[in-house]
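Per-entry structural report
So the chains spell out like this:
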Amino acid sequence: MRPVERFAPSPTGLLHLGHAFSALMGFDAARAAGGVFRLRIEDLDAGRARRDFEAAIFEDLRWLGLSWPEPVMRQSARGAAYEAALARLGAMGLVYPCSCTRADIAAAGGAPQEGAEAGPPYPGTCRPRTGGRAAPGAPHALRLDMEAAAARAGALTFREVGAGPAGETGEIAAAPEAHGDVVLRRKDGAAAYHLAVVVDDAAEGVTHVTRGEDLFAATSVHRLLQALLGLPAPIYRHHRLIRDASGRRLAKRADDVSLAALRASGWTPDDVRRAVGLVRAGP
Ligand code: GLU
């Protein structure tokens, strides 16, 4: 099997050492195995994705010495594929409209659960199976009826060749129920992260997903969606997060040092590799 790795950043800020760690690890693994390294631009969040950040991603990754097949997939052009997946889940009776606002959900003791954000699961206010209903005519998101979905799919596992935050490795029992009724399509009409990432990994033939351990828990949701949609399950390699001197994980905020800033201050790609603990792979 010729492995296909991918790095899938969102162009909502400048890349930092944590992104470099993911990208380099995936690239090195692909190269060592004679496989392919892909870049995918996850620009679904029209309010936050910016073309200048996208250009910076290309520049930073090229500077690091990475290369990938062109053209790259951009999620903003993939609406039809996400709608087709939603329709399949809808036909299984697993999707329902939800008109709750963030304030409604907070008042009912939940968290909005959009994208990969963590928080208590959605309280089920609009879930038809338990007697709920979206407000007619109100803007609505689409949610997965998690309990029904998990029951339909049955017990699932995924293969972890890195490690989760608590050192989980090997064949991992998926626990998607903990996420509750995740959003699959947002109120603005864009597909949500969980759905898009699963559809796109399959469309690109991705066999190995290398990413930070902050997404380890979300993998259970991804595995469930793969099973329901009949998509192959990649092998997952989650890695430790890169932290700053005070132990805080890096984020795409202005106060975290970007690769662009490190480059401007004289860092070399090898300095980046050393900083994240990766030795240079081959000549
Ligand atoms: N686009 C996501 C991010 O930038 C990563 C998604 C993934 O690797 O699955 O955080």
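A brief look at the structure comes next.

1. Considerations on the overall build of the protein
Scanning the protein for helices and strands turns up nine helices and ten strands. Compactness check: the protein gives a C-alpha radius of gyration of 19 Å against a globular reference of 19 Å for 283 residues, within 12% of the reference. The proportion of buried residues among the 283 residues of the protein is 50%. Pairs at least 24 residues apart make up 76% of the contacts formed inside the protein by residues separated by at least 6 positions. Counting every atom, the protein has about 12,600 Å² of accessible surface; 55% of that belongs to carbon and sulfur. Computed over 35 positive and 32 negative side-chain charges, the separation of the two mean positions in the protein equals 2 Å.

2. Re the pairing of strand β2 (residues 36-41)
When you tally the buried positions in β2, you get five out of six residues, the bulk of the element. One ladder, built from four bridges, connects strand β1 (residues 4-7) with β2; its direction is parallel. Within β2, the position partnered with valine 4 by the bridge is valine 36. Handedness of the crossover is the feature at issue here: the chain leaves β1, passes through helix α1 (residues 17-32), returns alongside β2, and the resulting connection is right-handed. With two bridges connecting them, β2 and strand β3 (residues 73-74) associate as parallel partners. The residue bridging arginine 40 from the neighbouring strand is methionine 73, located in β3. This β-α-β element, β2 to helix α2 (residues 51-63) to β3, shows right-handed connectivity.

3. Details of the site of the ligand
In the neighbourhood of the ligand, the contacting residues comprise Arg6, Ala8, Pro9, Ser10, Glu42, Tyr193, Val197, Arg211 and Leu215. A distance of 2.6 Å separates a nitrogen atom of the ligand from a polar side-chain atom of glutamate 42. Within the side chain of arginine 211, one N or O atom sits 2.8 Å away from an oxygen atom of the ligand. Taking 300 Å² as the accessible area of the ligand by itself, protein coverage stands at 79%.

4. Quick word on the nonpolar core
Core analysis: the biggest nonpolar cluster contains 36 residues, and Leu144, Leu184 and Leu195 have the highest contact counts within it. Secondary-structure elements contributing two or more residues to this core are α3 (79-91), β5 (141-144), α5 (146-153), α6 (193-203) and α7 (218-229). Setting aside anything within four residues of it in sequence, one finds leucine 144 in contact with Leu94, Tyr96, Ala149, Asp181, Val182, Leu184, Leu224 and Leu225. Judged by nonpolar contacts, the second largest core, of 27 residues, contains Leu24, Met25, Phe37 and Phe58.

Cut-offs applied
- Residues numbered from 1 in each chain as written.
- Predicted model: local features only at pLDDT ≥ 70, side-chain atom pairs only at ≥ 80, totals over all residues.
- Heavy atoms only, no water.
- Helix = DSSP H or I, 4+ residues; strand = E, 2+ residues; numbered from the N terminus.
- Rg over C-alpha atoms; globule rule 2.2 N^0.38 Å.
- Buried < 20%, exposed > 50% of the residue type's maximum accessible area, 1.4 Å probe, protein only.
- Contact = heavy atoms within 4.5 Å.
- Areas by Shrake-Rupley, 256 points an atom, 1.4 Å probe, with all protein chains shown as cover.
- Lys, Arg positive; Asp, Glu negative; His and termini not counted.
- Charge placed at Lys NZ, Arg CZ, Asp CG, Glu CD.
- Pairing = 2+ DSSP bridges.
- Right-handed = clockwise from strand over helix to strand, strands pointing away.
- Near = heavy atom within 4 Å.
- Polar contact = N/O pair within 3.5 Å; in protein donor to acceptor, adjacent residues only side chain to side chain.
- Core = buried A, V, L, I, M, F, W, Y, C linked by side-chain atoms within 4.5 Å.

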